[in-house]
Amino acid sequence: SSQDLLLQSYVLDAAAQKRRAERAHLQNSDSGPLALSPFVPCCAPRIPVFVAATRIQPGDCIWDVGCGDGRVVIEAARRHRYARFVGVDIDAEAVEKARRDAKCAGVEDVCTFLVGDAVQLFKLGLRVACARPSEFVIEEQFASNLPRPDALMLFVTGHMLTTLSPLLHAEWRTGGMRIVTCVESLDACVDYRVDLFDDSNSQLEWPVSRASWHASKQHEVYVVPPAGVTVEAWEAARFAGGHVDSTINLDIGIQPSPHIEIWPQTVQDSYSAAHFERSDDDAMARRKEADNAPVVRIQHLLTSEDIAKIETFVQERAEVQRGIADHTDAAVSAALFDNNAECACSLVEDAFHGSSDATHAVLHLQRGGAPALERFDEACPGIRAKLMAALYGADVWRACFCRATDLRSFEYHHYTPGGSVADNQHRDDGSCLTISCLLQAASCGGELHTFHSDAWRCHDDLKAGDAVVFLSDKRHNVSCVEAGERHSIVMEVWENEANEWNRHK
């Protein structure tokens, strides 16, 4: 598995062991005298499960103890900028990388990374440690107070988990804090360095949620609900119903704060998170409910500087996309000959939207996976984080609540005269949420339309930088561009692993 490969690369192979031996004398390293756990990154498919299980809410403070290079914290911050995040790790090199990566991702303003001793942290107790962080922070002047965590995330070894367990239990009993662990659960973790049959940890009576949607054998994510909340109540809250209130004041954590509205205000939508559990057999009902739901409109999400950076980046990448499209005819024939319909559809999509004469061209920014997204972040710092924060922060329908969603598509759309999305049954089938942000409006035509209850509604008042967030099952289209050009950037998330090609593959 991808996690096994990371373990091999960071700990087990000869080069890793040599590096760890060379750093064993350092106090602030993951192989030094204070270290309880070697640093092994959380694999990419597991991160969305970890984040979803934490149930991050506006105003929360999330601590990741043993954060390593901060990749879990940074991904959580991209999605939930309305929260605060603190990462603590004993390894100074990993923490420095976390700070650099948070800045590149555009989330450094909501993330704090510290080189610290986890045992000393919990021996002090969180109340004291938050007031006097210098007492657990190593080789670093940090005078500011820290917010007490509403949730703790721990992706560490059984040795570290069992060492911290009594201290964690005392802290957890004070109330108000949930604990999320990965690979091992607090009620069953074993310190393999001591005694395989030691059951002293089980005497602490940890209540642990092993709900199948996050504690599968593949992901092994476990949740200890806040003290006083039963496991049954915690799991049942996943399906809590609600009502989309057009008067609520949404805050997605972006400064300066953009104007956000639920639109149209005349549409009121009763919903339940269980709606998103429908099987494919219930697709028609799910689509009808999506069509009845309102959308969320966000004004001034992207600045003119953001848009200029995107346009520059896209111009440099467009030739690569055209090169892919120009060689697809033979590949499509081969895929059909091999009875590989999925591959054929994917290649047809490339050919249709990537040819030099396309009136509706699409550049797939996620093509190539993490390295491609990192290139985008370097050229357009903070922009992907803004889009993700808007998408997740505007989720009034709870489409992504407790769901391990990840990026399905991240696309730049370029319409010229004659270009459109004309199908009045067009939906982003298979995805959970979609955000569409206008970069440049056409001189005539090219308006986004969304379907509401029994009629199409036109978003002809959108300006460059404005965005619309909606359930992906909702019908939507773009009218024909008659003059000028329309540019937009679109992001979809789905309950699956991150996609590294286009929407159909």
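Scoring rules and cut-offs
- Residues numbered from 1 in each chain as written.
- Predicted model: local features only at pLDDT ≥ 70, side-chain atom pairs only at ≥ 80, totals over all residues.
- Heavy atoms only, no water.
- Helix = DSSP H or I, 4+ residues; strand = E, 2+ residues; numbered from the N terminus.
- Buried < 20%, exposed > 50% of the residue type's maximum accessible area, 1.4 Å probe, protein only.
- Polar contact = N/O pair within 3.5 Å; in protein donor to acceptor, adjacent residues only side chain to side chain.
- Contact = heavy atoms within 4.5 Å.
- Salt bridge = Lys/Arg side-chain N within 4 Å of Asp/Glu carboxyl O.
- Pairing = 2+ DSSP bridges.
- Axes fitted to C-alpha atoms, helices over the stretch in contact; angles between N-to-C directions.
- Phe/Tyr/Trp six-rings, centres within 6.5 Å; stacked < 30°, edge-to-face > 60°.
- Lys NZ or Arg CZ within 6 Å of the ring centre and 35° of its normal.
- 1 Å grid on protein atoms, 1.4 Å probe; cavity = no way out; pocket = protein on both sides within 12 Å on 5 of 7 lines; lining within 4 Å.
- Points joined across faces, edges and corners; volume = space filled by probe spheres on them.
- Nonpolar A, V, L, I, M, F, W, Y, C, P; charged D, E, K, R; others polar.

1. As for the side chain of Thr162
Stage number 1. Here Thr162 shows up in helix α8 (residues 158-172).
Stage number 2. A relative accessible area of 17% places Thr162 in the buried class.
Stage number 3. At a separation of 2.8 Å, a polar atom in the side chain of Thr162 contacts the main-chain carbonyl oxygen of Gly158.
Stage number 4. Beyond its immediate sequence surroundings of up to four residues, Thr162 is in contact with Cys189, Val190 and Asp191.

2. Brief notes about the pattern of salt bridges
Stage number 1. Summed over all chains, the structure comprises 28 salt bridges.
Stage number 2. Among the salt bridges present, the one from Asp406 reaches Arg79, with a minimum N-O distance of 3.6 Å. In this pair, Asp406 sits in strand β12 (residues 406-415) while Arg79 sits in helix α4 (residues 71-79), placing the two residues 327 residues apart along the sequence.
Stage number 3. In this structure Arg79 comes out as buried when scored by relative accessible area, which is 3%.
Stage number 4. In this structure, Arg148 and Glu171 form a salt bridge, with 3.4 Å as the shortest nitrogen-oxygen distance. Of this pair, Arg148 sits in the loop between α7 (126-131) and β4 (151-154) while Glu171 sits in helix α8, placing them 23 residues apart in sequence.
Stage number 5. A single network of salt bridges, built from pairs that share partners, joins Arg19, Arg20, Arg23, Asp30, Asp91 and Glu93.

3. Quick word on the sheet that holds strand β6 (residues 221-224)
Stage number 1. Spatially, six strands are ordered β3-β2-β1-β4-β5-β6 in an open sheet, and the strand pairing comes out mixed. A strand with exactly one partner marks an edge of an open sheet, and here the two such strands are β3 (111-115) and β6. The average undirected angle you get between the axes of adjacent strands in this sheet is 15 degrees.
Stage number 2. Strands β1 (61-65), β4, β5 (178-182) and β6 of the sheet are contacted by α8, whose axis makes an angle of about 175 degrees with β4.

4. A word on the packing of aromatic side chains
Stage number 1. The tally for this structure, following the rule as stated, stands at five aromatic pairs.
Stage number 2. Between Phe451 and Trp456 the ring centres are 5.4 Å apart and the planes differ by 75 degrees, which places this aromatic pair in the edge-to-face class.
Stage number 3. By relative accessible area, which is 31% here, Trp456 ends up partly exposed.
Stage number 4. Members of the aromatic cluster, connected to one another through ring pairs, are Phe313, Phe376 and Phe410.
Stage number 5. Taking NZ or CZ as reference, Arg55 lies 4.0 Å from the ring centre of Trp234, over its face.
Stage number 6. In this structure, Arg297 packs its charged tip against the face of Trp263, placed 4.9 Å from the ring centre.

5. Let's talk about empty space enclosed by the protein
Stage number 1. For the structure shown, the criterion picks out three cavities of 30 Å³ or more.
Stage number 2. Space inside the second largest cavity adds up to approximately 40 Å³.
Stage number 3. Lining the second largest cavity we find Val49, Ala52, Ala53, Trp213, His214, Cys402 and Ala404.
Stage number 4. In terms of residue class, the lining of the second largest cavity is built from six nonpolar, one polar and no charged.

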